[in-house]
Amino acid sequence: MLEIFSWLMLFPLLAASLTLLLTRDWRWQAGGLAAQYLAVFVFTLNHWPLGMAAAQLVTGWMAAAIFGMTRAPAEAERADFRWIFHLFLAALILLMMFSAAIALNDWLAEAGLPLLLGALLLIGMGMLQMGISSHPGRTMLGLLTLLSGFETLFAPLENSILVAALLAVITLGLALAAAYLLQLQTETP
């Protein structure tokens, strides 16, 4: 039953990743990050106990709240069509990660193809997010996306509470670092 939800969660995961990539409004970014962690929760629920997966969900939502509370200033909007280029790059990432997920499915058959595809999609979109922007908030969103993809990929391999706690601390640390850098950026003229 959860396998069906995993396949269905690929669509909101893709929508959340595209929202993080394309939007400049902090409200949409915080909502996209929260939706992304909800999809990660469903993926990891197949392999982790409910308590560990829920802790990861709450940690992700706390990171989204921390990021949203900083009320990051939007980047300067330009009247160009760079969103088309970003969509093209996202389509390339999706195509590459789909082929990589099929290849990895032979090695990690117990993980399942939807989890592999979702994790690799998050890793690819996080790397894309970090690569196309120098804004600290967008870079931190990319790092959080990359880390959530790693957490999703790591879930079927390790069922350790200590590792889950360490990943939660890293997630909250990145969110606090993003809040500090965004606050520092608004204070400097």
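Everything quoted here is computed from the prediction, not taken from an experiment. (Residues numbered from 1 in each chain as written. Predicted model: local features only at pLDDT ≥ 70, side-chain atom pairs only at ≥ 80, totals over all residues. Heavy atoms only, no water.)

**Q** I would appreciate a short explanation of the overall build of the protein in the present structure.
**A** Per the secondary structure count, the protein includes 8 helices and 0 strands. Listed by position from the N terminus, the elements making up the protein come as α-α-α-α-α-α-α-α. Taken over C-alpha atoms, the radius of gyration comes to 16 Å for the protein, in line with the 16 Å a tight globule of 189 residues would show. Judged by the C-alpha coordinates and their principal axes, the protein covers about 50 × 35 × 25 Å. Sequence-distant contacts, at least 24 apart, represent 73% of the contacts inside the protein between residues at least 6 apart. Accessible surface, the protein as shown: approximately 9,400 Å² in total, 75% of it carbon and sulfur. Seen as two clouds, the 6 positive and the 10 negative side-chain charges of the protein have centres 16 Å apart. (Helix = DSSP H or I, 4+ residues; strand = E, 2+ residues; numbered from the N terminus. Rg over C-alpha atoms; globule rule 2.2 N^0.38 Å. Contact = heavy atoms within 4.5 Å. Areas by Shrake-Rupley, 256 points an atom, 1.4 Å probe, with all protein chains shown as cover. Lys, Arg positive; Asp, Glu negative; His and termini not counted. Charge placed at Lys NZ, Arg CZ, Asp CG, Glu CD.)

**Q** Would you mind going over helix α2 (residues 10–22) with me for this structure?
**A** Every α-helix carries 3.6 residues per turn, so stepping three or four residues along brings you back to the same face. Helix length check: α2 (13 residues) gives 18 Å between terminal C-alpha atoms against 18 Å at 1.5 Å per residue, within 8%. Residues of α2 that are buried: Leu10, Leu13, Ala16, Ser17, Leu20 and Leu21. End-on, the buried residues of α2 take up no more than an arc of 135°, which puts them together on one face. (Expected span 1.5 Å × (residues − 1). Buried < 20%, exposed > 50% of the residue type's maximum accessible area, 1.4 Å probe, protein only. Arc of directions from axis to C-beta.)

**Q** What is the right way to look at the packing of helix α3 (residues 26–45) against helix α7 (residues 136–154) in this model?
**A** A packed helix pair is summarised by two numbers, namely the angle formed by the two axes and the spacing between the axes. Between α3 and α7, the least distance of the axes is 10 Å, while the angle of their chain directions is 10°. On the basis of their axis angle, the class for α3 and α7 is roughly parallel. Along the contact surface, α3 presents Gln29, Leu33, Gln36, Tyr37, Val40, Phe43 and Thr44, while α7 presents Arg138, Leu141, Leu144, Thr145, Ser148, Glu151 and Thr152. When the residues that make up the contact of α3 with α7 are grouped by side-chain class, the tally is 6 nonpolar, 6 polar and 2 charged. (Axes fitted to C-alpha atoms, helices over the stretch in contact; angles between N-to-C directions. Parallel < 35°, antiparallel > 145°, perpendicular 65-115°, else oblique. Nonpolar A, V, L, I, M, F, W, Y, C, P; charged D, E, K, R; others polar.)

**Q** Looking at this structure, how should I read a nonpolar patch on the surface?
**A** On the surface, a cluster of nonpolar side chains totalling about 430 Å² of accessible area is made up of Phe81, Trp83, Ile84 and Leu87. In this fold, Phe81 is placed in the loop between α4 (50–69) and α5 (82–104). (Patch = residues over 30% accessible without salt bridge, like charges linked within 9 Å, V, L, I, M, F, W, Y side chains within 5 Å. Salt bridge = Lys/Arg side-chain N within 4 Å of Asp/Glu carboxyl O.)

**Q** Just to check I follow, could you spell out the nonpolar core for this structure?
**A** Soluble globular proteins tend to bury their nonpolar side chains together. With 30 residues, the main nonpolar core has Leu13, Phe43, Ala101, Leu116, Met125, Leu128 and Leu153 as its most contacted residues. Listing elements by their share of this core, those giving two or more residues are α2, α3, α4, α5 and α6 (113–132). In terms of residues, this core owes the most to one element, α6, which gives 11 residues. Once residues lying within four places of it in the same chain are set aside, the contact partners of Leu128 are Leu21, Leu89, Ala90 and Ile93. (Core = buried A, V, L, I, M, F, W, Y, C linked by side-chain atoms within 4.5 Å.)

**Q** Can you walk me through the packing of aromatic side chains in this structure?
**A** Tallying each qualifying case throughout the model produces 1 aromatic pair. Geometrically, the ring pair formed by Phe150 and Phe154 is stacked, given 5.5 Å between the ring centres and 20° between the ring planes. Linking Phe150 with Phe154, this pair stays in helix α7, spanning 4 residues, or about one helical turn. (Phe/Tyr/Trp six-rings, centres within 6.5 Å; stacked < 30°, edge-to-face > 60°.)

**Q** It is not clear to me how the pattern of salt bridges should be interpreted in this structure. Could you clarify?
**A** In a structure, side chains of opposite charge can pair up when their charged atoms sit close to one another. Taken as a whole, this structure holds 1 salt bridge when the rule is applied. Here Arg27 and Asp25 are joined by a salt bridge, their closest N and O atoms 3.3 Å apart.

**Q** Help me understand the side chain of Ser148 in this model?
**A** Looking at where Ser148 falls in the secondary structure, it is placed in helix α7. Once you skip the residues sitting within four places of it in the chain, Ser148 turns out to touch Gln36, Tyr37, Val40 and Leu122.

**Q** Whenever I open this one, the packing of α2 against α7 confuses me. Can you help?
**A** One way to put it is that α2 packs onto α7 with a least axis distance of 10 Å and a crossing angle of 160°. On the basis of their axis angle, the class for α2 and α7 is roughly antiparallel. Note on packing geometry: the crossing formed by α2 with α7 is left-handed. Along its contact with α2, which presents Leu20, Leu21 and Leu22, the element α7 presents Arg138, Leu141 and Thr145. (Left-handed = near helix turned anticlockwise from the far one by under 90°.)

**Q** Is there a simple way to think about the environment of Leu182 in this case?
**A** Here Leu182 lies in helix α8 (residues 161–187). Leu182 sits in the buried class, given a relative accessible area of 1%. Along the primary structure Leu182 and Gly68 are separated by 114 residues, whereas in three dimensions their C-alpha atoms are 11 Å apart.

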